[in-house]
Amino acid sequence: MGFGNPYIQNMRKLVLGLILALGFTFTFAGSPDDEKRVLIYTKNGEGYVHENIAASVAALEKICKEEGILTEVSDLPSVFTPENLDRFDAIVFSNSNNEAFDSDAQRKAFQDFIRSGGGFAAIHSANASERDWPWYWAMVGGKFLRHPAHQEFDVVVTDANHPSTSHLPARWTVKDECYYSFQLNPDIHVLLSVDLTTIEDEQTAVYPGETFGQLFPLCWCHQFEGGRQWYTALGHDPWFYEDPLFVEHLRGGLLWVMTK
């Protein structure tokens, strides 16, 4: 008997009526509620704005599409409400800079997202966002201080067992801005470091000096107040977001913060 049979149609109506009467709800496999979703946030406050934002967003969207992850992109602080953030599994601050929020209510919504186990990834200048908010520095793992001139330098893989570094050579030569951070959270787990002997910088002796010997952290991860965080200082140039090694670096970091 097919679905056009009146008897079957009546039975279906009866079953659906019972389901509604009892208050049952069902989520079907493959529905949007089952899919992972990432918010890519690019807010820049007053000050320098990177030219790499469009390239970084395109790279992240491509990664997420390949991984079956839905994405939404915004530079509007108004997206930070509890109801809206509840739809996301992770937030990426992609080359954000300076003020990221307009109100304490938005900061509170972001805090609650992290504390409820939401993932957070930050790229390049994102550790220069919210420079007056100590909680944000601690959550990201450090606060931007300065960088020497854009140049070629060597990156050393400090931990080759992380998804964001396992594909990289032990020594990776890049051309980028080498970010020096301070207010470093001692809880961070360092993944990549710059070999300071390969950097030309007249101020190196002032900072970072010998804080970490001849190395200085560039990428790290940690768990903070319930959520997973990952940060990479690399990624100044738009073209770098098409570099296969860097793209896989981003992919590994994003997937790691989304792992429960």
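Bear in mind the structure is a predicted one, so any value in this text is a computation, not a measurement. (Residues numbered from 1 in each chain as written. Predicted model: local features only at pLDDT ≥ 70, side-chain atom pairs only at ≥ 80, totals over all residues. Heavy atoms only, no water.)

Enquirer: Any details on the layout of surface pockets? Residues and values, ideally.
Expert: Approximately 200 Å³ is the volume found for the largest pocket. In terms of lining residues, the largest pocket is bounded by 13 residues, among which Leu 85, Asp 86, Phe 88, Phe 113 and Ser 116 are the most central. Among the secondary structure elements, those contributing two or more residues to the lining of the largest pocket are α3 (82–85) and α4 (104–115). Counting residues per element, the lining of the largest pocket draws most heavily on α4, at 3 residues. (1 Å grid on protein atoms, 1.4 Å probe; cavity = no way out; pocket = protein on both sides within 12 Å on 5 of 7 lines; lining within 4 Å. Points joined across faces, edges and corners; volume = space filled by probe spheres on them. Helix = DSSP H or I, 4+ residues; strand = E, 2+ residues; numbered from the N terminus.)

Enquirer: Describe α4, naming the residues involved and giving the relevant values.
Expert: Each full turn of the α-helix corresponds to 3.6 residues, which orients residues three or four apart in the same direction. An ideal rise of 1.5 Å per residue puts 16 Å on 12 residues; α4 measures up with 16 Å between its terminal C-alpha atoms. All of the buried residues along α4 are Gln 106, Arg 107, Ala 109, Phe 110, Gln 111, Phe 113 and Ile 114. Close packing links the buried residues of α4 with α3, β3 (90–94), β4 (119–123), α5 (134–140), β10 (215–224) and β11 (227–232). After α4 finishes, the residue Gly 117 shows a positive phi value of roughly 100°. (Expected span 1.5 Å × (residues − 1). Buried < 20%, exposed > 50% of the residue type's maximum accessible area, 1.4 Å probe, protein only. Contact = heavy atoms within 4.5 Å.)

Enquirer: Can you tell me about the sheet that holds β4, naming the residues and giving the values?
Expert: Two orientations exist for strands paired in a sheet by backbone hydrogen bonds: parallel and antiparallel. Taken in spatial order, the 9 strands line up as β2-β1-β3-β4-β11-β10-β9-β6-β7 in an open sheet, and their pairing is mixed. In the strand order of this sheet, the two ends are held by β2 (70–74) and β7 (171–176), each with one partner. Neighbour-to-neighbour, the strand axes of the sheet open up by a mean angle of 20°, direction not taken into account. Two strands pair when backbone bridges link them, and strand β6 (residues 151–157) and β7 are joined in this way by 6 bridges, in the antiparallel orientation. Bridge pairing in β7 links Val 156 to Arg 171. Against the sheet, α4 engages β3, β4, β10 and β11, with an angle of about 125° to β3. (Pairing = 2+ DSSP bridges. Axes fitted to C-alpha atoms, helices over the stretch in contact; angles between N-to-C directions.)

Enquirer: Hey, could you go over helix α6 (residues 244–257) for me, with residue numbers and the actual values?
Expert: Taking 1.5 Å as the rise per residue, α6 with 14 residues should run 20 Å; its terminal C-alpha atoms sit 20 Å apart, in good agreement. Looking at where α6 begins, the residue whose side-chain oxygen comes 2.8 Å from the main-chain nitrogen of Leu 245 is Asp 243. (Polar contact = N/O pair within 3.5 Å; in protein donor to acceptor, adjacent residues only side chain to side chain.)

Enquirer: Residue-level account of unusual backbone geometry, with values.
Expert: A cis amide bond links Tyr 207 with the next residue in sequence, Pro 208, at an omega value of 15°. Here Pro 208 shows up in the loop between β9 (189–195) and β10. Residues other than glycine seldom take positive phi values, yet His 124 does so here, at roughly 50°. Positionally, His 124 belongs in the loop between β4 and α5. Accessibility expressed as a relative area gives 0% for His 124, which makes it buried.

By themselves, these observations are geometric and do not establish any function.
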